[in-house]
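# Inside the fold
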Amino acid sequence: MTEQEINRAIQYVTAATSYGRDTVAEVLRTGLSELAQLSTQSTCRFEREDLMGYLCLWTMKRTGHPEPLVREVLDGAGRWLDEVATTVAQRREAQADGGDDDEPGAATA
């Protein structure tokens, strides 16, 4: 994601929630960073719900924010999180030139 896209997600989630821009930015940047790192290092596919649960726990530990806040912010940015996961998965598949036996429709991490 570009910086402009991240800022757009932060702006969108800030407007949709009662949390301040700095709080939303911290949670989103932490969650997006972990998702990107997990996506490039993992060869497993995860269901979206499981992945969101992991991202929430990771982000809570890293930021110190409570679960309801983290979950609301990450859920609000779900469209952008999905885009990051899809983009990284497509790059990895292009590099691997196929040969993946994982379930279709599963979210890639």
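For the structure itself, consult the block above.
Residues numbered from 1 in each chain as written. Predicted model: local features only at pLDDT ≥ 70, side-chain atom pairs only at ≥ 80, totals over all residues. Heavy atoms only, no water.

### Let's talk about the packing of aromatic side chains
- Under the criterion given, the structure shown has one aromatic pair.
- Consider the rings of Tyr 12 and Trp 80, whose centres lie 5.4 Å apart with planes at 50 degrees: the pair is tilted. Of the two residues, Tyr 12 sits in helix α1 (residues 3-16) while Trp 80 sits in helix α5 (residues 78-96), which places them 68 residues apart along the sequence.
- On the accessibility criterion, Trp 80 (3% relative accessible area) is buried.
- For the cation-ring pair, Arg 79 lies above Trp 80, with the distance from its terminal atom to the ring centre recorded as 4.0 Å. (Phe/Tyr/Trp six-rings, centres within 6.5 Å; stacked < 30°, edge-to-face > 60°. Helix = DSSP H or I, 4+ residues; strand = E, 2+ residues; numbered from the N terminus. Buried < 20%, exposed > 50% of the residue type's maximum accessible area, 1.4 Å probe, protein only. Lys NZ or Arg CZ within 6 Å of the ring centre and 35° of its normal.)

### Quick word on the packing of helix α3 (residues 48-63) against helix α4 (residues 67-76)
- α4 packs onto α3 with a crossing angle of 125 degrees between their chain directions and a minimal axis gap of 9 Å. What the angle tells us is that α3 and α4 run oblique. Crossing angle aside, the handedness with which α3 passes α4 is right-handed. Note on element contacts: α4 touches α3 through Glu 67, Val 70, Arg 71, Leu 74 and Asp 75, opposite Met 52, Gly 53, Leu 55, Cys 56, Thr 59, Met 60 and Thr 63.
- Its residues placed into classes, the contact of α3 with α4 shows six nonpolar, three polar and three charged. (Axes fitted to C-alpha atoms, helices over the stretch in contact; angles between N-to-C directions. Parallel < 35°, antiparallel > 145°, perpendicular 65-115°, else oblique. Left-handed = near helix turned anticlockwise from the far one by under 90°. Contact = heavy atoms within 4.5 Å. Nonpolar A, V, L, I, M, F, W, Y, C, P; charged D, E, K, R; others polar.)

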